[in-house]
Amino acid sequence: MSLTRKLTCISCPVGCTLTLTLDGKELTNISGNQCPRGLNYAKDEFYNPKRMLTSTIRIEDGVIQQLPVRTQEPIPKEKIPLAMKILKDLTTRAPVNLGEIIDADFADTKVALIATRSVKKKS
Ligand code: SF4
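Residues numbered from 1 in each chain as written. Predicted model: local features only at pLDDT ≥ 70, side-chain atom pairs only at ≥ 80, totals over all residues.

Engineer: How should the overall build of the protein be read in this particular structure?
Structural biologist: The number of helices and strands found in the protein is two helices and 10 strands. In the protein, the succession of α and β elements from N to C terminus is β-β-β-α-β-β-β-β-α-β-β-β. Scaling as 2.2 N^0.38, a compact globule of 123 residues should have a C-alpha radius of gyration of about 14 Å, whereas the protein reaches 19 Å, well beyond that. Along the three orthogonal principal directions, the C-alpha set of the protein runs to about 65 × 30 × 20 Å. By sequence separation, contacts in the protein at least 24 residues apart represent 49% of the contacts at least 6 residues apart. (Helix = DSSP H or I, 4+ residues; strand = E, 2+ residues; numbered from the N terminus. Rg over C-alpha atoms; globule rule 2.2 N^0.38 Å. Contact = placed C-beta atoms within 7 Å.)

Shown next as structure tokens:
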């Protein structure tokens, strides 16, 4: 028995509503996309959904106490709970430069966690 699932493509501002037809764990049809990017988006969302993660971590000796960070690329959605747990206990030390790598293999994803602002050392 096949089922359908609706999804909004966020690859561009048009925001096409995609209809995915599923047969068990297989994706058998995609419709509603106005361009081929929608097909790739639907396949990625169905088989390997990923998300960018932005958050903050503690920073010691800095002029502020929280450092904004983000993953350099989207990471698998299933890794988000582990990533949040790691972020909760992660601390770095000032000074930190914008774009500096905080963890090169964040949450075993092979994706780096980077600083999204510079923080000077407290004088
Ligand atoms: S399917 Fe193409 S046109 Fe539609 S939202 Fe996705 S990228 Fe944009």
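Structure shown, so let's carry the discussion forward.
Engineer: Just checking my understanding: could you explain the site of the ligand for this structure?
Structural biologist: The environment of the ligand is made up of C9, S11, C12, V14, G15, C16, N33, Q34, C35, R37, G38 and Y41. Classifying every residue of the shell around the ligand by side-chain character gives six nonpolar, five polar and one charged. (Near = placed C-beta within 6 Å. Nonpolar A, V, L, I, M, F, W, Y, C, P; charged D, E, K, R; others polar.)

Engineer: How do you make sense of the sheet that holds strand β2 (residues 17-23) when you look at a structure like this?
Structural biologist: Paired through backbone hydrogen bonds, the strands of a sheet run either parallel or antiparallel to each other. Here three strands make up an open sheet; going across it, the order is β1-β2-β3 and the pairing antiparallel. Each edge of the open sheet carries a strand with a single partner, namely β1 (2-8) and β3 (26-31). On average, each strand axis in the sheet is tilted by 25° relative to the strand beside it, whichever way the strands run. Looking at chain direction, β2 and β3 are connected through five bridges and run antiparallel. Residue pairing for β3: D23 is matched across the bridge by E26. (Pairing = 2+ DSSP bridges. Axes fitted to C-alpha atoms, helices over the stretch in contact; angles between N-to-C directions.)

Any functional reading would require information that these geometric values do not contain.
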